[in-house]
Each structure stands twice: as C-alpha cells, then as structure tokens.
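Spelled out from the first residue to the last, the chains are:
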Amino acid sequence: MTDADEVDRIVDDWVRERPDLDFAPLQVLSRVARLSKHLDRARKQAFARSELESWEFDVLSALRRAGAPFRLSPKALLQQTLVSSGTMTNRIDRLVERGLVTRQTDPHDGRGILVEMSRAGLTRVDAAITRLVDAEAEILRALPAPEQKRLAGLLRKLSLGFDG
C-alpha cells in the first residue's frame with residue numbers, strides 16, 4: 001500500500017498479533033478519532049484568534065443562528081448547547097461580564113429573561129465562524145467536493161442513531 005497512514009500501520013500490527021479479530025471498525029473510527037483531534041486543534045485556534053473559548057463560541061453561535069435580534073431564552077440556549085442549567089447560568093454570567101451578551105426582560109413574559117448578543121459578541125462570533133469554516137475547509141482540502149458531500153452523507157447516516 002503506497003498511501004499508508006498511521007491507522008494502517010496500527011491495524012496491520014493488530015492483524016499480525018490478533019488475526020482472529022475483524023479490525024474493519026478501526027479502519028474507520030480510528031481515523032475519525034484522529035481527525036477529531038485535528039479538528040479540535042483547528043477550532044481552538046479559530047476561536048482563540050477571536051478571543052473566544054469554545055464554550056463561548058457555542059453560546060454566541062446559538063444566538064447568531066437565531067437571527068436578529070440575536071436573542072434566546074436561557075432554556076433555548078440549554079437545548080442547543082446540551083449543558084445543565086447551572087452551567088448555562090454561569091456561562092451567561094461570564095459572557096455578560098465580558099460584554100458579549102446582555103440579559104433582557106422578555107417582552108412577552110415579564111417574569112422571563114432573554115439573553116441578547118451585544119455588538120461585540122456579534123463581531124467576535126462572525127470572525128470566529130469565518131476562521132472556523134476556513135480551517136475546516138483546509139482539513140478537507142484533500143477531498144474533492146463530491147467526495148466531501150458523500151462523506152457528509154455517510155457520517156450523517158452513521159450519526160442519526162446518536163442524535164435524538
């Protein structure tokens with residue numbers, strides 16, 4: 001094999017040592033795990049260049065995707081970021097301290113609050129997503145667009161059983 005990668009070498013060693021096992025899952029999922037590490041590194045760099053932590057990006061991007069006026073309830077933020085209510089309260093507090101979001105009274109329910117992204121938050125999240133898309137495109141550059149689309153479809157099919 002001329003284009004062997006580290007996973008090929010690892011699997012070859014296992015096949016030699018344990019020929020009784022089928023190592024086909026490692027061929028796929030070990031590569032996914034290795035690519036995940038590269039993706040994590042690229043994301044951290046993209047967010048750091050925008051002076052954001054990954055959790056800050058998660059909250060701000062949920063607000064950004066909501067569209068103008070970039071406002072959601074804490075409950076909606078919980079659902080989108082998959083953290084506990086205590087964690088979300090802490091995150092909102094920290095984002096307020098940094099001037100990236102504000103708390104507003106819900107105009108439809110005077111007892112409720114909404115979290116609204118500030119102009120500074122919008123500037124940072126827009127810069128971060130631009131950098132992230134560029135970094136992710138670089139990771140995928142070895143695959144032509146049709147192969148990227150096919151891979152996305154296959155990964156979607158695989159992940160459907162976990163997203164629910």
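Please refer to the structure higher up on the page.
Source: prediction; values computed, not measured.

Criteria and cut-off values
Residues numbered from 1 in each chain as written. Predicted model: local features only at pLDDT ≥ 70, side-chain atom pairs only at ≥ 80, totals over all residues. Heavy atoms only, no water. Phe/Tyr/Trp six-rings, centres within 6.5 Å; stacked < 30°, edge-to-face > 60°. Helix = DSSP H or I, 4+ residues; strand = E, 2+ residues; numbered from the N terminus. Buried < 20%, exposed > 50% of the residue type's maximum accessible area, 1.4 Å probe, protein only. Core = buried A, V, L, I, M, F, W, Y, C linked by side-chain atoms within 4.5 Å. Contact = heavy atoms within 4.5 Å.

Undergrad: Just to check I follow, could you spell out the packing of aromatic side chains for this structure?
TA: What characterises a pair of aromatic rings is the spacing of the ring centres plus the angle enclosed by the ring planes. Taken as a whole, this structure holds two aromatic pairs when the rule is applied. Geometrically, the ring pair formed by Phe-47 and Phe-57 is stacked, given 4.3 Å between the ring centres and 20° between the ring planes. Of this pair, Phe-47 sits in helix α2 (residues 24-49) while Phe-57 is found in helix α3 (residues 54-65), placing the two residues ten residues apart along the sequence. Each member of the pair, Phe-47 as well as Phe-57, carries the same accessibility label: buried.

Undergrad: Please explain the nonpolar core as it appears in this structure.
TA: As a rule of thumb, nonpolar side chains are buried together in soluble globular proteins. Formed by 24 residues in total, the largest nonpolar core has its most connected members in Phe-47, Leu-52, Phe-57, Leu-60, Leu-63, Leu-77 and Met-117. Elements represented by at least two residues in this core include exactly α2, α3, α4 (74-81), α5 (85-97), β3 (109-117) and α6 (119-139). The leading source of residues in this core is α3, at six residues. Leu-52 has contacts with Phe-47, Phe-57, Leu-60, Arg-98, Leu-100, Arg-124, Val-125 and Ala-128, leaving out every residue within four places of it along the chain.

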